[in-house]
Amino acid sequence: MIDFSSYDRVFLLTDEQVAKCCLPVVCSDLGTPISDVLVLPAGEQHKNLASVQRIWDWLFAQQATRSSLLINLGGGVICDMGGFAASTYMRGMAYINIPTTLLAMVDAGTGGKTGIDYTPMSEAGSTASLKNAIGVFAEPVDTIIRPELLSTLPAEELLSGYAEMIKHAVLQNPKTLAELLNYDLRQVATPDFGELIRRSVAFKQSVVEQDPHDKGRRQILNFGHTVGHAIEALLLEREQKSEVRNQKSAKPHGYCVMYGMVAEAYLSHMICGLPAEVVSTLNRFMLENYGTAPVTCNDFDALLRLMLHDKKNKEQGTIVCTLLQSVGQPVTGQTVTPEQLREAIEYLC
Ligand code: GLY
């Protein structure tokens, strides 16, 4: 339980979508009065400096102090951006997250990676921005997990978050992985599922505690993300270039992580001796729940270009991944050659 008495006032940040579905229920049993609420437009395109300025303007207008508390109620955008605005306001006020998507509950809501996307001044007006390029590490005072908020979430959103839970399980042990692979996903918003979420969050927290600033151990959390981010960026590029209006080719983040995990499990088999049956089990789970990866072998050059630009690579011209020796035994900093990657992408297609 949060001791609200240590704060002079409590403010709440949310977005238009969440305000409709979750704000009344969350406010009614929070256990503290809210001094004021700021509702921002929803969507990743608003995760920028202009929105942060709106949050700072609002906090100044409300005369929030360093002893005030900001509650971020929303998905990853609100948690990341609200955390950044709070931790830089007057050199830092406390904040808590109440994530409303499964992805935010198990990922963005904990770990203190706050920030916004960045468009350089010279490219003002362009839709391309550098994701999470500006930010600070600043842990929330607490993250409140309320599984009942998931009951209205579309299936696609749930699967997106579930992929990050699978990732945590792959990094933990075979028993947890088997439990998640066999879980009936229609049973979300139940106490049982709440317990699975809490264990997943506790695992992430234990990793973050060992390496809060992402210099070493925390990089195990990148499993699936080297290939996954490249697929995500490629699909987004395709959507932005598409001549057919409203043609949606982008996929939710977690879907791309799931595709990335299968490719990186295959690399793990080739490079680190991960047993082949782990690769085929993950592949089967992907095909049954997330469908085939929406890339073909013809996309290899474009994926390679995106992977070479990944900020996780320490040296130019190399591609670095977190791989697995076995379930529960990740190894960070594994250099992968383009030929090995081509084979993994071919496996995925
Ligand atoms: N999303 C991975 C991390 O927080 O490090």
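Everything below is about the structure printed above this text.
Residues numbered from 1 in each chain as written. Predicted model: local features only at pLDDT ≥ 70, side-chain atom pairs only at ≥ 80, totals over all residues. Heavy atoms only, no water.

Trainee: Honestly, the overall build of the protein in this entry has me stumped. Any pointers?
Mentor: The number of helices and strands found in the protein is 13 helices and nine strands. Its C-alpha atoms give the protein a radius of gyration of 20 Å, near enough to 20 Å, the size a compact globule of 349 residues would have. Its C-alpha atoms put the protein at 60 × 50 × 40 Å along the principal axes. Buried residues in the protein amount to 50% of all 349 residues. Summarising the internal contacts of the protein: among those between residues at least 6 apart in sequence, 74% fall at separations of at least 24. Looking at the protein as shown, the accessible area adds up to about 16300 Å², and 52% of this sits on carbon and sulfur atoms. Averaging the coordinates of the 29 positive side-chain charges in the protein and doing the same for the 39 negative ones gives two points 2 Å apart. (Helix = DSSP H or I, 4+ residues; strand = E, 2+ residues; numbered from the N terminus. Rg over C-alpha atoms; globule rule 2.2 N^0.38 Å. Buried < 20%, exposed > 50% of the residue type's maximum accessible area, 1.4 Å probe, protein only. Contact = heavy atoms within 4.5 Å. Areas by Shrake-Rupley, 256 points an atom, 1.4 Å probe, with all protein chains shown as cover. Lys, Arg positive; Asp, Glu negative; His and termini not counted. Charge placed at Lys NZ, Arg CZ, Asp CG, Glu CD.)

Trainee: When you look at helix α13 (residues 338–348) in this model, what are you seeing that I'm missing?
Mentor: Along an α-helix, a turn takes 3.6 residues, which lines up residues three or four apart on a common side. Within α13, burial applies to Leu 341, Ala 344, Ile 345 and Leu 348. Here the buried residues of α13 occupy an arc of 100 degrees about the axis, which is enough to place them on one side. Each element contacted by the buried residues of α13 is listed here: α9 (225–241), α10 (253–272), α11 (276–289), α12 (300–308), β8 (319–326) and β9 (329–336). (Arc of directions from axis to C-beta.)

Trainee: What should I look at first to understand the packing of aromatic side chains in this one?
Mentor: In this description, an aromatic ring pair is defined by two values, namely the gap between the centres and the angle between the planes. Scanning the model with the defined rule gives seven aromatic pairs in all. Taken together, a centroid distance of 5.7 Å and an interplanar angle of 85 degrees make the contact between Phe 11 and Trp 58 edge-to-face. Of this pair, Phe 11 sits in strand β1 (residues 10–15) while Trp 58 sits in helix α3 (residues 49–61), and the two are 47 residues apart along the sequence. Relative accessible area serves as the criterion here: at 8%, Trp 58 is assigned to the buried category. (Phe/Tyr/Trp six-rings, centres within 6.5 Å; stacked < 30°, edge-to-face > 60°.)

Trainee: In this structure, what is going on with the packing of helix α6 (residues 155–172) against α10? I would like to understand it.
Mentor: At a closest axis distance of 7 Å, the pairing of α6 and α10 adopts a crossing angle of 40 degrees. When the axes of α6 and α10 are compared, the pair comes out oblique. Two packed elements cross with a definite hand, and for α6 against α10 that hand is left-handed. Of α10, the residues touching α6 (which contributes Glu 156, Leu 159, Ser 160, Ala 163, Glu 164, Ile 166 and Lys 167) are His 253, Gly 254, Tyr 255, Val 257, Met 258 and Met 261. Tallied by class, the residues present in the contact of α6 with α10 amount to seven nonpolar, three polar and three charged. (Axes fitted to C-alpha atoms, helices over the stretch in contact; angles between N-to-C directions. Parallel < 35°, antiparallel > 145°, perpendicular 65-115°, else oblique. Left-handed = near helix turned anticlockwise from the far one by under 90°. Nonpolar A, V, L, I, M, F, W, Y, C, P; charged D, E, K, R; others polar.)

Trainee: When you look at the site of the ligand in this model, what are you seeing that I'm missing?
Mentor: Every residue close to the ligand is listed here: Asp 107, Lys 113, Lys 204, Arg 218 and Leu 221. Asp 107 places a polar side-chain atom, nitrogen or oxygen, 2.9 Å from a nitrogen atom of the ligand. Here the ligand loses 87% of its free accessible area of 190 Å² to cover by the protein chains. Looking at the shell around the ligand residue by residue, the classes come out as one nonpolar, no polar and four charged. (Near = heavy atom within 4 Å. Polar contact = N/O pair within 3.5 Å; in protein donor to acceptor, adjacent residues only side chain to side chain.)

Trainee: What am I meant to see in the pattern of salt bridges here?
Mentor: Any two side chains of opposite charge can pair, given that their charged atoms come close. What the rule picks out here adds up to eleven salt bridges. Of the charged contacts, one joins Asp 214 and Lys 113 as a salt bridge, the two residues approaching to 2.9 Å between their closest N and O atoms. With Asp 214 in the loop between α8 (191–210) and α9 and Lys 113 in the loop between α5 (102–108) and β5 (116–118), this pair connects stretches of sequence that are 101 residues apart. Of the residues examined, Lys 113 reaches a relative accessible area of 40% and is grouped as partly exposed. With its nearest N and O atoms 3.1 Å apart, the salt bridge here joins Arg 305 to Glu 237. Taken together, the positions of Arg 305 in helix α12 and Glu 237 in helix α9 put the pair 68 residues apart, joining distant regions of the chain. The class of Arg 305 is partly exposed, set by a relative accessible area of 37%. Three or more residues joined by partner-sharing salt bridges are found here, namely Asp 29, Arg 146 and Glu 148. (Salt bridge = Lys/Arg side-chain N within 4 Å of Asp/Glu carboxyl O.)

Trainee: Can you help me understand the nonpolar core in this one?
Mentor: Side chains of a nonpolar character, in soluble globular proteins, are inclined to be buried together. In terms of nonpolar packing, the biggest core is built from 71 residues, with Tyr 162, Ile 166, Phe 193, Ile 197 and Tyr 290 touching the most fellow members. No other element matches α10, which puts twelve residues into this core. Apart from residues lying up to four places away in sequence, Ile 197 is in contact with Leu 102, Met 105, Val 106, Ile 145, Pro 147, Leu 150 and Met 165. The next biggest cluster of nonpolar side chains, apart from the first, holds 20 residues, and it includes Leu 59, Ala 64, Val 77 and Tyr 89. (Core = buried A, V, L, I, M, F, W, Y, C linked by side-chain atoms within 4.5 Å.)

Trainee: I'm lost on the sheet that holds β1 in this one. Help?
Mentor: Hydrogen bonds between backbone atoms are what pair the strands of a sheet, whose relative direction is either parallel or antiparallel. Strand order in this open sheet of five strands is β2-β1-β3-β4-β7, and the pairing throughout is parallel. One side of each edge strand has no neighbouring strand; the edge strands of this open sheet are β2 (36–40) and β7 (142–143). Its contacts with the sheet place α3 against β1, β2 and β3 (69–74), and it is angled at close to 165 degrees to β2. Where helix α4 (residues 76–88) meets the sheet, it contacts β1, β2, β3 and β4 (94–99), and its direction lies at approximately 165 degrees from that of β3. (Pairing = 2+ DSSP bridges.)

Trainee: Would you mind going over the packing of α3 against α4 with me for this structure?
Mentor: When two helices pack together, their arrangement is given by the angle between the helix axes and the distance between those axes. Between α3 and α4, the least distance of the axes is 10 Å, while the angle of their chain directions is 50 degrees. With respect to their mutual orientation, α3 and α4 come out oblique. Judged by the sense of rotation from one axis to the other, the crossing of α3 with α4 is right-handed. Of the residues in α4, those touching α3 at Ser 51, Val 52, Ile 55 and Trp 56 are Met 81, Phe 84, Ala 85 and Thr 88. When grouped by side-chain class, the residues that make up the contact of α3 with α4 number six nonpolar, two polar and no charged.

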